[in-house]
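# Chain and residue survey
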Amino acid sequence: SIPTAKKVTIAEAKSTFADPPEVIVDRSYSIDDIWLLGIDFGSNALRASLYDATTGKVYPLSFDASHDYLASVGSFSADLPIADTLDSIDLLPASAGFEAISNPVDCSDAAVLVNFKKLLKLGLPYRGVSAWQPIVQWSEQQRIPLRYFQILLKQLLLQLQSTATCGRLPDLHEIMRDRVYAVILGHPTAWSDTYVHNLREAVLASKIVNQAEQVMVIDQAIAPLFSLIHSHKPLQDNTLIINIGAETTDLLLAKVNNGIIGRSNLSSRGLDYAGLSLNQDIVVQLLYPHWRSLANPDRDACDLDRLLMPAPGDPAPGLRADLQKALISSPVGLELLNAAEQLKLDLSTHLDLDQWITTVRDLPLMVWRREL
């Protein structure tokens, strides 16, 4: 028999523990300490931690009040799913200097609006003669002002500020409200300052901090290196760090001289190919051809045959943007993308699984491990 994989969306995947650890309130801090808020802005979720620069302690934040105990686990930082958040909050307020956009887009399927991170590197929003510019062709049916995605990021930051929990910090909300000294975010190695500017504007609009110099954006390839240093783990003379996300893969080569790492001893490189691009390749190379051979020719087939497909492993940003637009414009395409993510996760975590099966629009699809 062939094991049948349970299909779940990315936002539904949750970390679980057999026995909830006991929450121990930390009394060694003061709300007057110097607090830094670190934010990992991913394509599918936000993660965040508070750093007490006075004591040197890190406090990972959780966003689900029913799972406060997770916040006491030092290595765990609970996700704030972007799709769930966009579906549950007002997307277009006119507050905090972000004017409401006229003719708002239909957000009835908020899950489609994840993965907008990469759009923030395309340009700087400005008010044109009759509407905000530039306009992004998000899908075959939707054209959305880039300003809208900047507002979405602001809304996510407000949601983080209001719903974050940490069992070790009883004064968390007072700290988050007016005690954060600086916000630190990461940016992919190869991305431009335009992305940094859009991040900074969204943070300032959320009022977590008030001055532009309080928003620090660093090369996200360095983040794992900071983690190693903070945990006091020894580094080899030459250490290669690989940071793989949904949108980008970042490489950092660190050279250690007598235990000391200087900025001149770091070399980084970024590739715009990672988890989401791999999902696209799984769809194009494995899932779609099989589904197309089984489907009725009259059924919705994403119309991929009209596109020039990117080669497997090739970043090809223009070709992949067209491919993504076609996939998210079709119910079949969305199911295929979800199936690709689940296939990747299942065959990566279940090493004894040689074949994987699912259904897309009631048609069975099977993939062998060797094919992947």
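Here the structure is a predicted model, which means the values were calculated and not measured.

### A closer look at the sheet that holds strand S11 (residues 238-244)
Strand order in the open sheet formed by 3 strands is S11-S12-S13, with antiparallel pairing between adjacent strands. In the strand order of this sheet, the two ends are held by S11 and strand S13 (266-271), each with one partner. Taken pair by pair, the neighbouring strands of this sheet meet at an average axis angle of 15 degrees, ignoring direction. Pairing analysis gives 6 bridges linking strand S12 (residues 249-255) to S13, with the strands arranged antiparallel.

### Considerations on the confidence of the model for the protein chain
Within the protein chain, residue pLDDT values average 79, and 79% of them lie at 70 or more. Across residues 65-77 the pLDDT falls below 50, and counting only partners more than four positions away or on other chains, this stretch makes 31 contacts in the model.

### A few points about the pattern of salt bridges
Side chains that differ in charge, positive against negative, can pair when their charged atoms come close. Inspection of every chain in the model, using the stated rule, returns 9 salt bridges. Here arginine 179 and glutamate 174 are joined by a salt bridge, their closest N and O atoms 3.8 Å apart. In this structure, the salt-bridge partner of glutamate 341 is lysine 344, at a minimum N-O distance of 3.2 Å. Residue glutamate 341 and its partner lysine 344 are both found in helix H8 (residues 331-349); the two are separated by 3 residues, about one turn of the helix. When sorted by exposure, glutamate 341 lands in the same class as lysine 344, which is buried. Beyond isolated ion pairs, a larger network of salt bridges with shared partners links Asp32, Glu174, Asp178 and Arg179.

### A short note on the pairing of strand S1 (residues 35-41)
Among the 7 residues of S1, 5 are classified as buried, and the element is accordingly described as predominantly covered. The pairing of S1 with strand S2 (residues 45-52) spans 7 bridges and is classified as antiparallel. Residue pairing for S2: isoleucine 39 is matched across the bridge by alanine 48. Here S1 folds back onto S2, and the loop between the two strands holds 3 residues. Bridge analysis of S1 against strand S9 (residues 180-187) gives 5 bridges, and the strand direction is parallel. Its bridge partner being in S9, tryptophan 35 is matched across the sheet by valine 180.

Rules of the game
- Residues numbered from 1 in each chain as written.
- Predicted model: local features only at pLDDT ≥ 70, side-chain atom pairs only at ≥ 80, totals over all residues.
- Heavy atoms only, no water.
- Pairing = 2+ DSSP bridges.
- Helix = DSSP H or I, 4+ residues; strand = E, 2+ residues; numbered from the N terminus.
- Axes fitted to C-alpha atoms, helices over the stretch in contact; angles between N-to-C directions.
- pLDDT = per-residue confidence, 0-100.
- Contact = heavy atoms within 4.5 Å.
- Salt bridge = Lys/Arg side-chain N within 4 Å of Asp/Glu carboxyl O.
- Buried < 20%, exposed > 50% of the residue type's maximum accessible area, 1.4 Å probe, protein only.

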